[in-house]
Amino acid sequence: MPAEDPRLTGADVDPLRQQLFEAYDNWLMRQCRERYDARGERWQRDCSSLEAYCRSVAPNRERLLAMIGGWPWERGPLEPCIEEIATTDTYTASRVWYTSFDDVRVDAILIRPHGDGPFPAVLAQHGVNHTPEQICGFCDPEHSAAYHEIGVRLARHGYVVIAPRMIGGYGEDRYNVPNIPSLRSQEQGRAQNQIHRKAQLIGQSIQALEYFTLSRAVDYLESLPEVDNDRIGLYGLSRGGRAALWLGALEQRLQAVVSSAWFNERFSKMLQPEAINGAFIETSSEFQFIPGLFHEFGDADIASLICPRAFFVEDGKHDGAVWWPNAIQEFKLVEEYYEKLGIPEKCGIRIHEQGHETEPEDEITDIQAVAFLDRWLKGA
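What counts and how
- Residues numbered from 1 in each chain as written.
- Predicted model: local features only at pLDDT ≥ 70, side-chain atom pairs only at ≥ 80, totals over all residues.
- Heavy atoms only, no water.
- Axes fitted to C-alpha atoms, helices over the stretch in contact; angles between N-to-C directions.
- Helix = DSSP H or I, 4+ residues; strand = E, 2+ residues; numbered from the N terminus.
- Parallel < 35°, antiparallel > 145°, perpendicular 65-115°, else oblique.
- Contact = heavy atoms within 4.5 Å.
- Nonpolar A, V, L, I, M, F, W, Y, C, P; charged D, E, K, R; others polar.
- Buried < 20%, exposed > 50% of the residue type's maximum accessible area, 1.4 Å probe, protein only.
- Polar contact = N/O pair within 3.5 Å; in protein donor to acceptor, adjacent residues only side chain to side chain.
- Core = buried A, V, L, I, M, F, W, Y, C linked by side-chain atoms within 4.5 Å.
- Phe/Tyr/Trp six-rings, centres within 6.5 Å; stacked < 30°, edge-to-face > 60°.
- Pairing = 2+ DSSP bridges.
- Salt bridge = Lys/Arg side-chain N within 4 Å of Asp/Glu carboxyl O.
- Left-handed = near helix turned anticlockwise from the far one by under 90°.

Draft legend 1. Focus on the packing of helix α6 (residues 206–223) against helix α7 (residues 239–250). Closest axis-to-axis distance for the α6/α7 pair is 10 Å, and the angle between their directions is 75 degrees. With respect to α7, the axis of α6 lies roughly perpendicular. Residue-level inspection shows I206, Q207, E210, Y211, L214 and S215 of α6 in contact with α7, the latter providing R239, R242, A243, W246, L247 and L250. Within the contact of α6 with α7, the residues separate by chemical class into seven nonpolar, two polar and three charged.

Take a look at the structure:
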């Protein structure tokens, strides 16, 4: 008689599925570790002079840009359209639309101090799920507490401020802020992933789209007669802190950069769920994973492309996204580059006692990141 067909259960099959998953996963973890540890082989930093250093890291900057898809778009006319929001005793706030590329129009909040200038300028970049209105301080403080109204405070402090909008979801108002639509966190992630997936199909990424748009904000600032084009900086929090690090590396017109609530040791932050404050591998943020990143770049490596321009890190001890001891260790690598070039004063780090937020000081001059911007953009 023929034997009966076998009937295998989940108990028979699942260990095999786990075995295959773990084989691939263990191999990939080893490969990521090996490449991350060997990324220094891709660098030929020459610290014999500032000019030599800039020449030596230029190929790495080109590869960083190519890694996210490049900036193939023409910098056509900005065609700005400005709508005034309010005028106070110290500043005028407006909403400005400008063309990033093709038919993509972007809105931003622009805050200009009264006076003829020329003023230094700062891009104030909001984080994930948030808006320009929140980083500027133009909504209920309860819904923008992480920023401590840094945008409008910088304007009162004598900076022209522009806060461009970054890609996110829309529709349901997560924060109950009138006229400021913002989807729940999972919807924001879905919106960003959707844009990133479509961009990937044409060899692009959400990072390339957004960072080019932020670079166009620099173009716009340079068109304003009251802005000193040699004194433009960037202050970003969270996802905006990521933009500060990356755009600071790519956009050499930025003379001072503050990366807040982002700078970290990248291997553990990307891949080690057991690490304190979690890892992106466990989240739905697939746009954080950039093909080939570990061949060449950790956070300190990207920061080394900002050097010899001014670079500052701001993290909180109670930040649920950044493990500050790792950030300090990573920043020591950055300090080495500045010290070798004889300009240690052009980089700095502040670990404050709070969470995922800008340093919450009542006086703006007591915020160390702002004092750093003042030194390198105001000469204060």
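Draft legend 2. View of the side chain of D219. Tracing the backbone shows D219 in helix α6. A relative accessible area of 14% means that D219 is categorised as buried. Looking at D219, its side chain comes within polar contact range of the side chain of R75, at 2.7 Å. With near-sequence residues (within four places) excluded, D219 lies in contact with R75, L78 and R253.

Draft legend 3. The arrangement of the environment of P72 in detail. Tracing the chain through its elements places P72 in the loop between α2 (50–67) and β1 (81–87). Note: C-alpha distance between P72 and Q204 (132 residues apart in sequence) is 9.7 Å.

Draft legend 4. Structural view of the nonpolar core. Core analysis: the largest hydrophobic core is formed by 72 residues, its most contacted members being L123 and F311. If one sorts the elements of this core by residue count, α6 sits on top with nine residues. For L123, the contacting residues outside a window of four places in its chain are I162, L214, A217, V218, L221, I232, G233, L234, Y235 and L254. I109, I111, A163 and F372 belong to the second largest nonpolar core, which has 31 residues in total.

Draft legend 5. The arrangement of the packing of aromatic side chains in detail. All told, the structure shown has 17 aromatic pairs when counted by the stated rule. An angle of 85 degrees between the planes, with centres 5.6 Å apart, marks the rings of W43 and F297 as edge-to-face. With W43 in the loop between α1 (10–37) and α2 and F297 in the loop between α8 (266–271) and α9 (299–303), the pair connects residues that are 254 residues apart, well separated along the chain. Like F297, W43 is buried. Seen in terms of ring centroids, W262 and F280 are 5.9 Å apart; in terms of plane orientation they differ by 35 degrees. Their pairing is tilted. Here the residue W262 occupies a position in the loop between β7 (256–260) and α8, and F280 occupies one in the loop between α8 and α9, the gap between them amounting to 18 residues.

Draft legend 6. Spatial organisation of the pairing of strand β2 (residues 91–101). Along β2, ten of the eleven residues are buried, which leaves the element largely enclosed by surrounding structure. Inspection of the sheet shows β1 paired to β2 by six bridges, in the antiparallel sense. Across the sheet, residue A86 finds its bridge partner in β2, namely A93. Counting the residues in the hairpin turn of β1 and β2 gives three residues. Linking β2 back to strand β3 (residues 104–113) in an antiparallel pair, the connection comprises two residues, with D102 at a positive phi of about 50 degrees.

Draft legend 7. Main features of the pattern of salt bridges. In the structure shown here, the tally under the stated rule is 22 salt bridges. Close ionic contact of R253 with D219 constitutes a salt bridge, the shortest N to O distance being 2.7 Å. Of this pair, R253 sits in the loop between α7 and β7 while D219 is found in helix α6, placing the two residues 34 residues apart along the sequence. Measuring nitrogen to oxygen at the nearest pair gives 2.7 Å for the salt bridge that ties D228 to R231.

Draft legend 8. Summary view of the sheet that holds β3. The strand order across the open sheet formed by nine strands is β1-β2-β3-β5-β4-β6-β7-β8-β9, and the pairing between neighbours is mixed. Each edge of the sheet is formed by a strand with only one pairing partner; in this case those strands are β1 and β9 (347–352). Sheet twist, expressed as the average angle between the axes of neighbouring strands with direction ignored, equals 20 degrees. As judged from the five bridges shared by strand β6 (residues 227–237) and β7, these two strands associate in the parallel manner. Paired with L237 across the two strands is S260, which belongs to β7. This element, α6, spans β1, β2, β3, β4 (119–125), β5 (160–164) and β6 of the sheet and lies at about 125 degrees to β2. Relative to the sheet, α7 contacts β4, β6, β7 and β8 (310–316), its axis offset from that of β6 by approximately 135 degrees.

Draft legend 9. Broad picture of the packing of α2 against α7. Look at α2 against α7: their axes get within 9 Å of each other, and the N-to-C directions meet at 125 degrees. Between α2 and α7, the angle is such that the two are oblique. Judged by the sense of rotation from one axis to the other, the crossing of α2 with α7 is left-handed. Mapping the contact onto sequence places R61, L64 and L65 in α2 and W246, A249 and L250 in α7.

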